[in-house]
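A look at the structure
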Amino acid sequence: APSKWLLERVLNPQDIRPKSVLDFGCGKSHDSEIWAQQTGAIARGYDLYPHTGFEYRAQRPKQVFELVTMNFVLNVLDSEQERIDALVDAANFVEPGGLLWVSTRSKNHIDKQGLQKGWGKTIEGSWISSPAKGTVQFGMDQSHIIDLVHKAGLQNLVAEGLPGKPNSDTGC
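A quick note: this is a predicted structure, and the numbers were derived from the prediction, not measured.

A word on the layout of surface pockets
Considering only enclosed or pocket space, the largest pocket measures out at about 1100 Å³ in volume. Around the largest pocket, the lining is made up of 34 residues, and of these G25, D47, F72, V73 and V76 lie nearest the centre. Mapped onto the lining of the largest pocket, the elements with two or more residues apiece are β1 (20-24), α3 (80-91), β6 (127-130) and β7 (135-137). Element by element, the count of residues in the lining of the largest pocket is highest for α3, at 4 residues. Taken together, the residues of the lining of the largest pocket sort by class into 13 nonpolar, 11 polar and 10 charged.

What follows is the structure, encoded as structure tokens:
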């Protein structure tokens, strides 16, 4: 999981201990509970479109956080404008001097899945992963994420080089 990798390979070695963490677009993830248990941080999940049983996560936070994680959110949004809007929304929860962690499924990984599974494509270029559910997948690598940050006008965000990435199927 990208958050576990971030904690173990990036934050812990640099002795960075965020006191507050938001898992933005958390879906069914239990990352916020893991952050709380492993770091003692005040952590919560937020998802504008919560899954059944996770409706409480739709309550929009009123505070900012030292760390906001956004794992595999940008992949499931069809248009570039939707991805920009989500990125800006997540960035608005980062306190001054805080961190925004963005991870995505890589373009290569998503394209390979789309071809293997015979997925169709939307007019926006995303793969239709489930026509019945209306879900899409859009692969992104680090360069795509950085480009999106610039297009979103988020000049206060600085891309940090990291020692690797969680795995070859992940962009971050």
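Structural notes on the packing of aromatic side chains
Going through the model one piece at a time under the given rule, you end up with 4 aromatic pairs. An angle of 50 degrees between the planes, with centres 6.2 Å apart, marks the rings of F24 and F93 as tilted. One end of the pair, F24, is in strand β1; the other, F93, is in the loop between α3 and β4 (94-105), with 69 residues separating them in the sequence. Here F93 falls in the buried class, since its relative accessible area comes to 4%. Directly above the ring of F72 sits R105, whose terminal nitrogen or CZ lies 3.9 Å from the centroid. In this arrangement the basic side chain of K121 is found over the ring face of W127, its NZ or CZ atom lying 4.6 Å from the centre.

Re the sheet that holds β7
In space, the 3 strands of this open sheet follow the order β5-β6-β7, with antiparallel pairing throughout. Looking at which strands have only one partner, the edges of the open sheet turn out to be β5 (120-121) and β7. Two strands pair when backbone bridges link them, and β6 and β7 are joined in this way by 3 bridges, in the antiparallel orientation. Across the sheet, the residue bridging to I128 is V136, located in β7.

Some points on the pairing of strand β2 (residues 42-46)
As a general feature of sheets, a regular strand has side chains that alternate between the two faces. Across 5 bridges, β1 lies against β2 in parallel orientation. Across the sheet, the residue bridging to F24 is Y46, located in β2. Since β1 and β2 lie parallel, the crossover through helix α2 (residues 31-39) that links them has a hand, and here it is right-handed.

Quick word on the nonpolar core
In this structure, L22, F24, V68, M70, L74, L87 and F93 are the most contacted members of the largest nonpolar core, which totals 23 residues. Those elements that provide at least two residues to this core are β1, β3 (65-71), α3, β4 and α5 (142-151). In contact with L74, other than residues within four places in its own chain, are R83, A86, L87, V102, T104, M140 and L148. In terms of nonpolar packing, the next biggest core, distinct from the first, is built from 10 residues, L7, V10, A41 and L67 among them.

Notes on the packing of helix α1 (residues 2-11) against α2
In helix packing, the relevant descriptors are the interaxial angle and the interaxial distance, both defined with respect to the helix axes. Where α1 meets α2, the closest approach of the two axes is 10 Å, and the angle between their N-to-C directions is 30 degrees. When the axis of α1 is compared with that of α2, the two are roughly parallel. Between α1, through S3, L6, L7 and L11, and α2, the contact on the second element is made entirely by D31, W35, Q38 and T39. Its residues assigned to classes, the contact of α1 with α2 shows 4 nonpolar, 3 polar and 1 charged.

What to know about the pattern of salt bridges
Side chains bearing opposite charge may pair, as long as their charged atoms lie close to each other. Scanning the model with the defined rule gives 7 salt bridges in all. For the salt bridge of E8 with K4, the shortest nitrogen-to-oxygen distance reads 3.9 Å. Within this pair, E8 and its partner K4 are both found in helix α1, separated by 4 residues, close to a single helical turn. Judged by its relative accessible area of 41%, E8 is partly exposed. Under the relative-accessibility criterion, K4 is labelled partly exposed at 48%. The salt bridge partner of E80 is K151, with a shortest N-O separation of 2.9 Å. Here E80 is found in helix α3, whereas its partner K151 is found in helix α5, with 71 residues between them in sequence. Overall, the relative accessible area of 35% leaves E80 in the partly exposed class. Given the relative accessible area of 45%, K151 is considered partly exposed. If you follow the salt bridges from partner to partner, you end up with E80, D147 and K151 in one network.

Here is what the cut-offs are and how they apply
- Residues numbered from 1 in each chain as written.
- Predicted model: local features only at pLDDT ≥ 70, side-chain atom pairs only at ≥ 80, totals over all residues.
- Heavy atoms only, no water.
- 1 Å grid on protein atoms, 1.4 Å probe; cavity = no way out; pocket = protein on both sides within 12 Å on 5 of 7 lines; lining within 4 Å.
- Points joined across faces, edges and corners; volume = space filled by probe spheres on them.
- Helix = DSSP H or I, 4+ residues; strand = E, 2+ residues; numbered from the N terminus.
- Nonpolar A, V, L, I, M, F, W, Y, C, P; charged D, E, K, R; others polar.
- Phe/Tyr/Trp six-rings, centres within 6.5 Å; stacked < 30°, edge-to-face > 60°.
- Buried < 20%, exposed > 50% of the residue type's maximum accessible area, 1.4 Å probe, protein only.
- Lys NZ or Arg CZ within 6 Å of the ring centre and 35° of its normal.
- Pairing = 2+ DSSP bridges.
- Right-handed = clockwise from strand over helix to strand, strands pointing away.
- Core = buried A, V, L, I, M, F, W, Y, C linked by side-chain atoms within 4.5 Å.
- Contact = heavy atoms within 4.5 Å.
- Axes fitted to C-alpha atoms, helices over the stretch in contact; angles between N-to-C directions.
- Parallel < 35°, antiparallel > 145°, perpendicular 65-115°, else oblique.
- Salt bridge = Lys/Arg side-chain N within 4 Å of Asp/Glu carboxyl O.

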